[in-house]
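The primary structure of each chain is shown beneath.
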Amino acid sequence: MQVFDRGIAWLDTGTFESMMQASEYVRVIEERQGLKIGCIEEIAWRAGWINDDQLAVLAEPLRKSGYGTYLDRLLHR
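An account of the accompanying structure is given in this report. Owing to the predicted nature of the structure, the values given are computational and were not obtained by experimental measurement.

How each quantity is defined
Residues numbered from 1 in each chain as written. Predicted model: local features only at pLDDT ≥ 70, side-chain atom pairs only at ≥ 80, totals over all residues. Heavy atoms only, no water. Helix = DSSP H or I, 4+ residues; strand = E, 2+ residues; numbered from the N terminus. Rg over C-alpha atoms; globule rule 2.2 N^0.38 Å. Salt bridge = Lys/Arg side-chain N within 4 Å of Asp/Glu carboxyl O. Buried < 20%, exposed > 50% of the residue type's maximum accessible area, 1.4 Å probe, protein only. Phe/Tyr/Trp six-rings, centres within 6.5 Å; stacked < 30°, edge-to-face > 60°. Axes fitted to C-alpha atoms, helices over the stretch in contact; angles between N-to-C directions. Parallel < 35°, antiparallel > 145°, perpendicular 65-115°, else oblique. Left-handed = near helix turned anticlockwise from the far one by under 90°. Contact = heavy atoms within 4.5 Å.

**Remarks on the overall build of the protein chain**
- When its secondary structure is counted, the protein chain shows four helices and zero strands.
- Tracing the protein chain from N to C terminus, the helices and strands come up as α-α-α-α.
- Whereas a compact globule of 77 residues would reach a radius of gyration of roughly 11 Å, the protein chain reaches 15 Å, over 25% beyond that.
- For the protein chain, the C-alpha atoms occupy an extent of roughly 40 × 30 × 20 Å along the three principal directions.

**So, the pattern of salt bridges**
- Using the criterion set out here, one finds six salt bridges in the structure.
- The salt bridge involving Glu 30 is made with Lys 36; its shortest N-O contact spans 3.8 Å.
- Judged by its relative accessible area of 29%, Lys 36 is partly exposed.
- With a closest N to O distance of 2.4 Å, Arg 63 and Glu 60 form a salt bridge.
- Note on Arg 63: relative accessible area 30%, which makes it partly exposed.

**Observations regarding the packing of aromatic side chains**
- Under the counting rule described, the total for this entry stands at one aromatic pair.
- Both rings, one in Phe 4 and one in Trp 10, keep their centres 6.1 Å apart while their planes meet at 10°; by these two values the pair is stacked.

**Thoughts on the packing of helix H3 (residues 52–59) against helix H4 (residues 66–75)**
- Contact pair H3 / H4: the axes reach a minimum separation of 9 Å and the direction vectors enclose 160°. Our classification of the angle between H3 and H4 gives roughly antiparallel. The element H3 and its partner H4 pack so that their crossing is left-handed. Contacts from Asp 52, Leu 55, Ala 56 and Ala 59 in H3 reach Gly 68, Leu 71, Asp 72, Leu 74 and Leu 75 in H4.

Here you go:
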């Protein structure tokens, strides 16, 4: 048995309805907290695996999307 730490949610997506519920959960959390869930670029940057310049390079082709804007905002906080 594994007990998850606080802040972790298990989302069972075995049915169409549960997939839609999980999608809505992620949307609401991201919108309210202003953070992306599962952003691998941010995880790598915060862990020190990539630096600011490398994050900027990864963000460049995505700048016209909300995701790219999010990565860009990380660098300017």
